[in-house]
Amino acid sequence: MRPRISHVRVRPAAATTAVLLAMLAVDVATPPASSSVGSLQARLSRQRARAHTLAAGAGQASRLIAELDGQIALVTRREAAVQARLTAARAALAAAQGAVVRERELVATLVQRLTRARNALSNELVSEYESQPQSVVTVVLQAHGFTDLIERLHYLHMAQAQQKSIVDATTLAKERAQIAAARLSRLEGRDQSIAVEVATEARAIGGMNSLLQSKRLAAERVHAIQLAQLAATRSRQHQLSHELAVLEAQQAAAAPAGAGGPVPYGTAGSTGGWAIPYAIVLCESGGQNLTPNSAGASGYYQILSSTWAGAGGTGPAAYLAPKSEQDRIASILWNRGAGAANWVCAGIVGIH
């Protein structure tokens, strides 16, 4: 299970750099001219162990970077989705605020219209009340006949009824506008809360993205330093292997016939039980059945999986086969020295 984002810890770049550079300074000095076979072997063993540790650390840093990349991609998608929600929420809030403004303006207009209508109706009623009563003779004399009299009275009644209808309709419209304004105000408040909430979420996700980016940058720096260390360590390992091979060859050449000690390659027992010269084995794997490296080479002889399969090796990779099978394939590839170019270390230790 992958760790939570908050649990991912990366050392500060400066501190990590100092620690790694201090590690790099260990055992990289040029050995004194009086180095013995034993001291060279000890140094070579330490370099080999250190290279293994650095390779494991570089692999771990690489996996951390890949994990952070996945987390950054996830947070970036989430951030884009939240930004889209925030844009929509702000648009909805702006629309609600515009609708509230329009409804409030409508309410104000209707209030003014209602006031005018009520004033007109009131003035009409007062005018009718304050008018002097007329006798039947006067009304009849002023009217141009009975039909005209009826029309005058009917017109006055209709004017009053119409004015009252205007007042009633305006009052109803005002009430409806006030209800709509109140509803839109509540909607505006809700949209405001949503916009604030989404904006807070967007800021939180943006901060998380920034934190992950800084962690990834620190991990990349550590990874680069580890790779540089690993390259330097492997270079030192090859140099020590070459020095060891040269020293062993010098000691073998100086040894009297029949004396013990290293035997030059080409005589009985020179391989020490290996299918190729021991100096090459020592340089390649240190005599260990290693798992595949970054290039895919594995086993005692560091044979690539493709080369292993092409030479008829049993199984998918060299390190999964017993030593006898690895010896057989290595012997085929070595071909009595004709295949020395199959091993980079052959040139390093001076065997061609």
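The following refers to the structure shown. Remember, predicted model here, so these are calculated numbers, not experimental data.

1. Some points on the overall build of the protein chain
Scanning the protein chain from N- to C-terminus turns up 8 helices and 2 strands. Order of helices (α) and strands (β) in the protein chain, N terminus to C terminus: α-α-α-α-α-β-β-α-α-α. A total of 352 residues make up the protein chain; the buried ones form 33% of that total. Taking the intrachain contacts of the protein chain between residues at least 6 apart in sequence as the baseline, contacts between residues at least 24 apart amount to 71%.

2. A few points about the layout of surface pockets
What the largest pocket holds in volume is close to 1,100 Å³. Residue lining of the largest pocket: 38 residues in total, with Arg-234, Glu-284, Asn-293, Ser-294 and Gln-302 positioned closest to the centre. Looking at the lining of the largest pocket, the elements with two or more residues in it are α2 (37-130), α4 (146-254), α5 (278-284), β2 (303-304) and α8 (344-348). The biggest single contributor to the lining of the largest pocket is α2, with 9 residues. Looking at side-chain class alone, the lining of the largest pocket contains 20 nonpolar, 14 polar and 4 charged residues.

3. A word on the state of the cysteines
Scanning all chains against the criterion turns up 1 disulfide. Put simply, Cys-283 and Cys-345 are joined by a disulfide, and their sulfur atoms are 2.1 Å apart. Disulfide Cys-283-Cys-345: torsion about the S-S bond near -65 degrees, hence left-handed. Of the two residues, Cys-283 sits in helix α5 while Cys-345 sits in helix α8, which places them 62 residues apart along the sequence. Like Cys-283, the residue Cys-345 is buried in the burial classification.

4. Examining the packing of aromatic side chains
Any pair of aromatic rings gets described here by the distance separating the centres and the angle formed by the planes. In total, this model carries 3 aromatic pairs according to the counting rule given. Between Trp-274 and Tyr-301 the ring centres are 5.8 Å apart and the planes differ by 85 degrees, which places this aromatic pair in the edge-to-face class. Residue Trp-274 is located in the loop between α4 and α5, and its partner Tyr-301 is located in the loop between β1 (297-298) and β2; the two are separated by 27 residues in the primary sequence. For the pair formed by Trp-274 and Tyr-301, the shared burial category is buried. Taken together, Trp-274, Tyr-300 and Tyr-301 form an aromatic cluster joined through their ring pairs.

What counts, and at which threshold
- Residues numbered from 1 in each chain as written.
- Predicted model: local features only at pLDDT ≥ 70, side-chain atom pairs only at ≥ 80, totals over all residues.
- Heavy atoms only, no water.
- Helix = DSSP H or I, 4+ residues; strand = E, 2+ residues; numbered from the N terminus.
- Buried < 20%, exposed > 50% of the residue type's maximum accessible area, 1.4 Å probe, protein only.
- Contact = heavy atoms within 4.5 Å.
- 1 Å grid on protein atoms, 1.4 Å probe; cavity = no way out; pocket = protein on both sides within 12 Å on 5 of 7 lines; lining within 4 Å.
- Points joined across faces, edges and corners; volume = space filled by probe spheres on them.
- Nonpolar A, V, L, I, M, F, W, Y, C, P; charged D, E, K, R; others polar.
- Disulfide = S-S within 2.5 Å.
- Phe/Tyr/Trp six-rings, centres within 6.5 Å; stacked < 30°, edge-to-face > 60°.

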